Amino acid sequence: MVLGLGSTGRATAGFLAAEGCSVTVLDDERRLSSAATDAARELAAAGVEIVLAPDDAATGSIVAAADLVVPSPGVRPDHRALQQAARSGVAVRSEIDIAAQRCTAPLIAVTGTNGKTTTTELIAACLRSGGRDVVVGGNIGTPLISLVGTPADVVVAEVSSFQLHFTTEAFHPEVGVLLNVADDHLDWHGDAAAYASDKAKLFAHQTPGDVLVVNADDAPARNLARGARAETWMATITDESAMFHSDGAVLRDPDGGVIVAIDDLPRALPHDLTNALCAAAAATAMHIAIGAIADALRIYATLPHRVQFIGENWGVRYYDDSKATNPHAAVRAARAFDSVILLAGGLNKGLDLGALRAADDHIRAVVAFGQAGGEVEDAFAGHRPVQRAHTMREAVAMATEAAHPGDVVLLSPGCASFDMYPGGYADRGDDFAAEVQALFASRAHHHASEAPKPSEIPMAHEEHR
């Protein structure tokens, strides 16, 4: 039984049916999207049974008759079908677990609270630069199970805590990359310990012949990796004695050799350097030459909505970091700049938004918005000036009014986007960029000869500018 008719559920059902399994797909929705409806028809034609919105009795009957339950990513562990599976002794495995068991090419798997997609793509770029035939999937784009059987020298997969939760010993990457571990999705996992435990499944079944690359600058990741049996390679931008490190001018390999000059990178914020080092380490584990790795790092283009530069007007720079859907990501982005007007808020995922204050020595003022706007206000009350916006247009206007020349206006919400943007964080980032560009156009038209209006919000912590 496959639980969920999303893209991963559809791919899993089709794959298992092609293997000769008798497959039933259960979905809680009564009405499907057009894409899901078309896919359901194709699956039904292949002999897959589709059951929509079953009641408790029907769910229990379907699960009890199954040999295996495969939940789609994001299906909560307390879903009634999974509870029934536990009572009935029916095995539960994730799609990435089934895929890894059937994958014949070496597997590199990347996880972390933040930076997964960028590092996954960086690794793939380094491998391709070295002449490898690479396919990329998992939590990024193509379900991992859809890549099984695809001719490739290496499979690179981004894996989430949702996917790792239901893995077994079959999930065994030859190279694992653990970027960071910070509170996220606690509304799903229950608590921070459970979340970290699921992240640790990245390397739980690695052996001493495998490699685990760890961001040593992240203490929770470093501590979690102490339980690994794989050979552990540390990457850090703060400790020059580590295997892969930065000396402030260049990135270096374990022998002290130069991987690439920092000035040659397209962007060199602290987390960019961390991602580059981890990618270089993973590529080195696959025996890619340093020169090929350097070539890839020099030309890699940053993905959208990840501290993406939107433009500059009257000495103020605007950045879209809409992908920052937890406080850890927002803090990391804010710390990359000296003086920030932060736009934060959205849909909280059960996290403590007070954690945003960890970057308050880089934050001069805050604009709160969205469902969690009140929590953001509470987090900064008495620490930084805070205003409340009800739309993205208001938020951009308020941030611009608060900004001084030399400041950065940073959309780094620390929350999910679905309260205002059902399409996800990309829609939120696109809206921010559109409002910024509209502001620029309005200023150019109406105020071409005017000097910028000074903000009335007082400077705070000037010594940190």
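Structure report, in brief. (Residues numbered from 1 in each chain as written. Predicted model: local features only at pLDDT ≥ 70, side-chain atom pairs only at ≥ 80, totals over all residues. Heavy atoms only, no water.)

This next bit is on unusual backbone geometry. Although it is not a glycine, His305 adopts a positive phi angle of roughly 70 degrees. Relative to the elements of secondary structure, His305 occurs in the loop between helix H12 (290–299) and strand S15 (308–313). The phi torsion at Trp314 lies on the positive side, around 50 degrees, for a residue other than glycine. Along the polypeptide, Trp314 turns up in the loop between S15 and strand S16 (316–320). (Helix = DSSP H or I, 4+ residues; strand = E, 2+ residues; numbered from the N terminus.)

This brings us to the packing of aromatic side chains. This model, assessed by the stated rule, comprises four aromatic pairs. Measuring from centroid to centroid gives 5.3 Å for Tyr318 and Phe440, while their planes differ by 75 degrees, and the two rings are edge-to-face. Within this pair, whereas Tyr318 is found in strand S16, its partner Phe440 is found in helix H16 (residues 425–446), the two being separated by 122 residues in sequence. Connected via pairs of aromatic rings, a cluster forms that spans Phe309, Tyr319 and Phe337. Over the ring of Tyr425 we find Lys323; its NZ or CZ atom is 5.5 Å from the centre of that ring. (Phe/Tyr/Trp six-rings, centres within 6.5 Å; stacked < 30°, edge-to-face > 60°. Lys NZ or Arg CZ within 6 Å of the ring centre and 35° of its normal.)

This brings us to the sheet that holds strand S2 (residues 24–27). One open sheet holds the five strands; their spatial order is S3-S2-S1-S4-S5, and the pairing between them is parallel. The open sheet has two edge strands, strand S3 (49–52) and strand S5 (91–92), and neither has a second partner. As judged from the two bridges shared by strand S1 (residues 2–3) and strand S4 (residues 68–71), these two strands associate in the parallel manner. Paired with Val2 across the strands is Val70, a residue of S4. (Pairing = 2+ DSSP bridges.)

Taken residue by residue, helix H4 (residues 80–88) has Ala81, Leu82, Gln84 and Ala85 as its buried positions. Considered in projection along H4, the buried side chains sweep an arc of 155 degrees and stay on one side of the axis. Opposite the packed face of H4, turned more than 90 degrees from it, sit the exposed residues Ala86 and Arg87. Here the buried face of H4 lies against S1, helix H3 (56–64), S4 and S5. One or two positions beyond H4, positive phi appears at Gly89, with a value near 75 degrees. (Buried < 20%, exposed > 50% of the residue type's maximum accessible area, 1.4 Å probe, protein only. Arc of directions from axis to C-beta. Contact = heavy atoms within 4.5 Å.)

Attention now moves to the packing of helix H6 (residues 116–129) against helix H11 (residues 270–285). Relative to each other, H6 and H11 sit at 45 degrees, their axes nearing to 9 Å. With respect to their mutual orientation, H6 and H11 come out oblique. Note that H6 runs across H11; the crossing there is right-handed. Mapping the contact onto sequence places Thr118, Thr119, Leu122, Ile123, Cys126 and Leu127 in H6 and Asn275, Ala276, Cys278, Ala279, Ala282 and Ala283 in H11. Broken down by class, the residue content of the contact of H6 with H11 amounts to nine nonpolar, three polar and no charged. (Axes fitted to C-alpha atoms, helices over the stretch in contact; angles between N-to-C directions. Parallel < 35°, antiparallel > 145°, perpendicular 65-115°, else oblique. Left-handed = near helix turned anticlockwise from the far one by under 90°. Nonpolar A, V, L, I, M, F, W, Y, C, P; charged D, E, K, R; others polar.)

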